[in-house]
Number of protein chains: 2
Amino acid sequence: MDYEFLKFLALILLSTKLFGLVTRKIKLPQVVGALLAGVFLGPACLGLIEKTDFISSLSELGVILLMFTVGMETDIGELKKSGKASFVIALCGVIVPLLGGFAVAKLWGIGENGQGAPAILQQFFIGVILTATSVSITVETLKELGKMSTRAGNAILGAALIDDILGIIALTVITSLAGGGEGADTAPLWLVLVKIVAFFIVAILAAVVYHIVYIKWRDHDRKDLRRHTIVSFVFCLALAWIAEEFFGVADITGAFLAGLALSGSTNVKYTTSKFDTLSYMLLSPVFFTSVGLSMTSIKMGSNLIWFTVAIVLIALATKVVGCGLGAKVCRYTGKESLQIGVGMISRGEVALIVAQKGAGLGLIDEKFFVPIIIMVVFTTIITPVLLKFVFKGQADENVDSQLVRNIEERQKFEEQIQELSRK
Amino acid sequence: MDYEFLKFLALILLSTKLFGLVTRKIKLPQVVGALLAGVFLGPACLGLIEKTDFISSLSELGVILLMFTVGMETDIGELKKSGKASFVIALCGVIVPLLGGFAVAKLWGIGENGQGAPAILQQFFIGVILTATSVSITVETLKELGKMSTRAGNAILGAALIDDILGIIALTVITSLAGGGEGADTAPLWLVLVKIVAFFIVAILAAVVYHIVYIKWRDHDRKDLRRHTIVSFVFCLALAWIAEEFFGVADITGAFLAGLALSGSTNVKYTTSKFDTLSYMLLSPVFFTSVGLSMTSIKMGSNLIWFTVAIVLIALATKVVGCGLGAKVCRYTGKESLQIGVGMISRGEVALIVAQKGAGLGLIDEKFFVPIIIMVVFTTIITPVLLKFVFKGQADENVDSQLVRNIEERQKFEEQIQELSRK
């Protein structure tokens, strides 16, 4: 038995927490700190941690749980209500960055050296990475500004939900196309699509069966919530595994669908809080650090520096233009369209999850992790600044939003638990 | 990337839960179910799960957390109060099973085939496995009978605390003696003892430094309990790693001491509840299953069957005689001494943790896992039966016990959290 993994875990947890505290002090999300911790501990700087199989598997488990939680937190009821406008905004906000990323990658000739997946897939993959919006920083900023309940605020929340799902579809298609990983033949498009559709059908059937069995069981035994949490975990792991093993679909797609299937059920708050504990105490730090560990060097050639600049600008411009255009089509005012576009700029952990996933399939060379990490960090920093600017001088319209209340309720609930546990 | 581990985890979680439910229905602890799940899934039966490096490391992490929690839940204040009587009872209750186990092992000539650690260590190791008492089932039974607050009940609780610590010392000495694992030379006794003492000093110093830094920090920032939990996790992992790496001491000894160091601090309830979540959702099921996985065959030769019978009887008799004798010396009545002895019979997860630890060091052949699992299961089943018998016809004396109240408070607190989360 080798005990190195204990040292690795101790270093990962300690440094993500320390870096997280520092980034929080300067009002950046803690994710940024965790990423930097990985870069700092990994081969690019100190070289204290290697990416062992244990770390890789734990990190993969962390990603699966993250996507499972994203799925569980998707409010399908809200999704239906948010309606056509949100859908159009999200769709334009996915297509424009997808094409923009592809164009930049094409211009730089990415993937044309014959390594990894076919060049066109690698180029589209850069686009897929740019699609994933993370609105948590936007929500925080808008709440702080008291603009959460404006028309623009509501549109952002609705569009972000749909954005997640569209992004997952794009990811599913491209990872399935890359199929067996580096060197393997690319599967024909029709077969890939048939497999994806087949998996979605299986997932829906599984969800229906789960709900029927679950509701029977829950009525039979309402007391022990722990076991419900474990059973939902098993459901998530099983769908993730089935996706990879039998359909060539990404495991995180399976995990997301599993989460979506549970999103409406009772006890979902309790379940989510338990998975949160599992995530923040062990799995998330390992995942974010392992992204940082993938950076083998922080020295960048001038070509890569220019690529970074381009990708950051394109990430910024395509969301503003795409979402703004979508909003304008749906008869939002020019100012509102700009606000919506700006609100959708920030990318977060999902972009990293997607990148990490692609690396394993030969869809992206790990040297591009540096530009992507910089893109994530930059869009996260710039969003609040730009938001304050575009919302300046506007009175709060105080439209009520169920979603905002949900988030607030959840926070209150968490505070209550903390309060209780301090007694 | 290999996705088998997702399937393994799903199977482990599902089957430990299912077996756990069944064993609970027939009033056995869920641990028994988890063990059986491992046997069922492993090479002895279905062969669905292999013991990969990932499973082994995760299981080791589970053990570390279990011992950390045992340490945290040790009430040092109560330990001081429980006084001389509890100490004498615990000491006799450790020495007699240690010698009894050694005698049986010697009789069967265990370890004399030249494999693994020196024979005498392997023989003493069987004794060490027999020392660890687990009183949770006793506490449950006594509460049910309304006898928790009797003189005997109090003595059992006090002795069980000290038993844990004495057991850890025995384990530390013997694992350190076995040193570098199979095939390696045995270190001289004096060097091993020096290293152990040195590690205890380092652990105490670390605890003092931790407390000084921690209290400063806590006063500075009382709000975010999460980070305190993570820092205590880092402390545990670091001590576990340092123990193995620099002192040749078992990692679980380090984890236990780390827990002990934190046992008096505020927020310990909150911290423990978070580690509980991490344990029951992932790490404990993996650990118990992996013990079951170690059983490569459930076919037993007649020699092994007789050894099993002997070890079960010796486990039973030595605790009753050892603890009973200790109690008698401390002027408990004959009946009380018997009650105390019977209350200390049941072995639990610690015996399995010790056995698992020894297997990695060549201190025990894995074929003896079958007798040990049977011993744990049998002593756990028989304890409540015998307790009901020896406590028959005695009125409850209703002496108040802080410890019982503590346990009740904790349960109430957990129910409150569940209640809250259901809203």
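Refer to the preceding data block for the structure.
Cut-offs used in this document
- Every chain is numbered independently, its residues counted from 1 as its sequence is written.
- All chains are assigned letters beginning at A, and all ligands numbers beginning at 1, according to the order in which they are written.
- Only residues with pLDDT of at least 70 are given local features in this predicted model, and only at 80 or more are side-chain atom pairs given and counted; all residues enter the totals for whole chains, interfaces and linings.
- Note that water and hydrogens are dropped before the side-chain values are worked out from all heavy atoms of the structure.
- We count a salt bridge whenever a side-chain nitrogen from Lys or Arg sits within 4 Å of a carboxyl oxygen from Asp or Glu.
- Each helix corresponds to a stretch of at least 4 residues labelled H or I by DSSP, and each strand to a stretch of at least 2 residues labelled E; elements are numbered beginning at the N terminus.
- Classification of residues uses two cut-offs on accessible area relative to the type maximum, computed with a 1.4 Å probe and protein chains only: under 20% is buried, over 50% is exposed, and between them is partly exposed.
- The atoms used to superpose the copies are C-alpha atoms, taken from residues with pLDDT of at least 70 in both, and the fit is least squares.
- What makes two residues a contact is simply this: any of their non-hydrogen atoms within 4.5 Å.
- The axes are straight lines fitted to the C-alpha atoms, using for helices just the contacting stretch, and the angles between their N-to-C directions are given from 0 to 180°.
- Should an angle fall under 35 degrees it is taken as roughly parallel, and over 145 as roughly antiparallel, whereas 65 to 115 is taken as roughly perpendicular and any remaining angle as oblique.
- As a working rule, the residues Ala, Val, Leu, Ile, Met, Phe, Trp, Tyr, Cys and Pro are called nonpolar, Asp, Glu, Lys and Arg charged, and the rest polar, with Gly in that last group.
- Only centres within 6.5 Å qualify two rings of Phe, Tyr or Trp (six-membered ring in Trp) as a pair; their planes then separate them into stacked at under 30 degrees, edge-to-face at over 60, and tilted for everything else.
- Helices are assigned an expected span. That span is 1.5 Å times one less than the residue count.
- Nitrogen and oxygen atoms within 3.5 Å of one another constitute a polar contact, given that in protein one can donate a hydrogen and the other can accept it, and given that sequence-neighbouring residues count only through two side-chain atoms.

**Student:** Sorry if this is basic, but what is going on with the pattern of salt bridges here?
**Tutor:** Pairs can form between side chains of opposite charge once their charged atoms are near each other. Under the counting rule described, the total for this entry stands at 14 salt bridges over all chains. For the salt bridge of Glu244(A) with Lys357(A), the shortest nitrogen-to-oxygen distance reads 3.7 Å. Residue Glu244(A) is located in helix H9 (residues 225–247), and its partner Lys357(A) is located in helix H14 (residues 349–360); the two are separated by 113 residues in the primary sequence. Residue Lys357(A) is classed as buried on the basis of its relative accessible area of 7%. The salt bridge partner of Lys357(B) is Asp251(B), with a shortest N-O separation of 2.8 Å.

**Student:** Got a minute to help me understand the relation of the copies chain A and chain B in this structure?
**Tutor:** Applying a rotation about an axis and a shift along it to one chain copy brings it onto the other copy. Superposition record for chain A on chain B: RMSD 0.0 Å, screw rotation 180°, translation along axis 0.0 Å. The superposition operator between the copies reduces to a two-fold rotation axis. Both copies share a contact surface, since 100% of the interface residues of chain A are interface residues in chain B too.

**Student:** Explanation requested: the packing of helix H13 (residues 334–343) of chain B against helix H15 (residues 369–390) of chain B in the structure shown.
**Tutor:** Packed helix pairs are characterised by how far apart their axes lie and by the angle those axes make with each other. Residue and element names in this part refer to chain B. Orientation of H13 relative to H15, taken along the N-to-C sense of each, is 170°, at an axis distance of 9 Å. Of the possible angle classes, the one that applies to H13 and H15 is roughly antiparallel. For the pair H13 and H15, contact is made by Lys335, Leu338, Gln339, Val342 and Gly343 and by Thr383, Leu386, Leu387 and Val390, respectively. When grouped by side-chain class, the residues that make up the contact of H13 with H15 number five nonpolar, three polar and one charged.

**Student:** How should the packing of aromatic side chains be read in this particular structure?
**Tutor:** Any two aromatic rings considered together are summarised by their centre-to-centre distance and by the angle between their planes. For the coordinates displayed, the defined rule picks out 25 aromatic pairs over all chains. Ring geometry for Tyr210(A) against Phe235(A): centres 4.4 Å apart, planes inclined by 25°, an arrangement best described as stacked. On the criterion of sequence distance, the pair formed by Tyr210(A) in helix H8 (residues 189–220) and Phe235(A) in helix H9 is long-range, its members being 25 residues apart. We classify Tyr210(A) as buried; its relative accessible area is 9%. Ring plane angle 90° and centroid distance 5.1 Å describe the contact between Phe68(B) and Phe275(B), whose orientation is recorded as edge-to-face. Linking Phe68(B) in helix H3 (residues 53–72) with Phe275(B) in helix H11 (residues 268–293), this pair joins segments that are 207 residues apart in sequence. Residue Phe68(B) shares its accessibility class with Phe275(B), and that shared class is buried.

**Student:** What is the right way to look at helix H3 (residues 53–72) of chain A in this model?
**Tutor:** One full turn of an α-helix is made of 3.6 residues, so residues set three or four places apart face in the same direction. In this model H3(A) runs 28 Å from its N-terminal to its C-terminal C-alpha over 20 residues, within 8% of the 28 Å that 1.5 Å per residue would give. With 18 of its 20 residues buried, H3(A) lies for the most part within the structure.

**Student:** I tried to follow the interface of chain A and chain B on my own but got confused; where do I start?
**Tutor:** Often the size quoted for an interface is simply the accessible area lost on bringing the parts together. The interface is formed by 55 residues belonging to chain A together with 55 residues belonging to chain B. For the pair chain A and chain B, the interface holds zero salt bridges. Counting across the chain A and chain B interface gives four residue pairs in polar contact (both at pLDDT 80 or more). Partitioning the side of chain A that touches chain B into residue classes produces 31 nonpolar, eight polar and 16 charged.

**Student:** Help me understand the environment of Gly358(B) in this model?
**Tutor:** Residues and elements named next belong to chain B. Inspection of the secondary structure assignment puts Gly358 in helix H14 (residues 349–360). Placed 108 residues apart in sequence, Gly358 and Ala250 show a C-alpha to C-alpha distance of 9.7 Å. When near neighbours in sequence (up to four residues on either side) are disregarded, Gly358 contacts Phe125, Leu363 and Ile364.

**Student:** Looking at this structure, I do not really get H14(B). What am I missing?
**Tutor:** Residues and elements named next belong to chain B. With 12 residues, H14 extends 17 Å from end C-alpha to end C-alpha; this agrees with the ideal 16 Å at 1.5 Å per step. The element H14 is largely enclosed, with a buried count of 10 among its 12 residues. Among the residues of H14, Val350, Ala351, Leu352, Ile353, Val354, Ala355, Gln356, Lys357, Gly358 and Ala359 are the ones counted as buried.

**Student:** Just checking my understanding: could you explain the side chain of Asp164(A) for this structure?
**Tutor:** Assignment of secondary structure puts Asp164(A) in helix H7 (residues 151–178). Beyond its immediate chain neighbours, meaning those up to four positions away, Asp164(A) contacts Val70(A) and Thr133(A).

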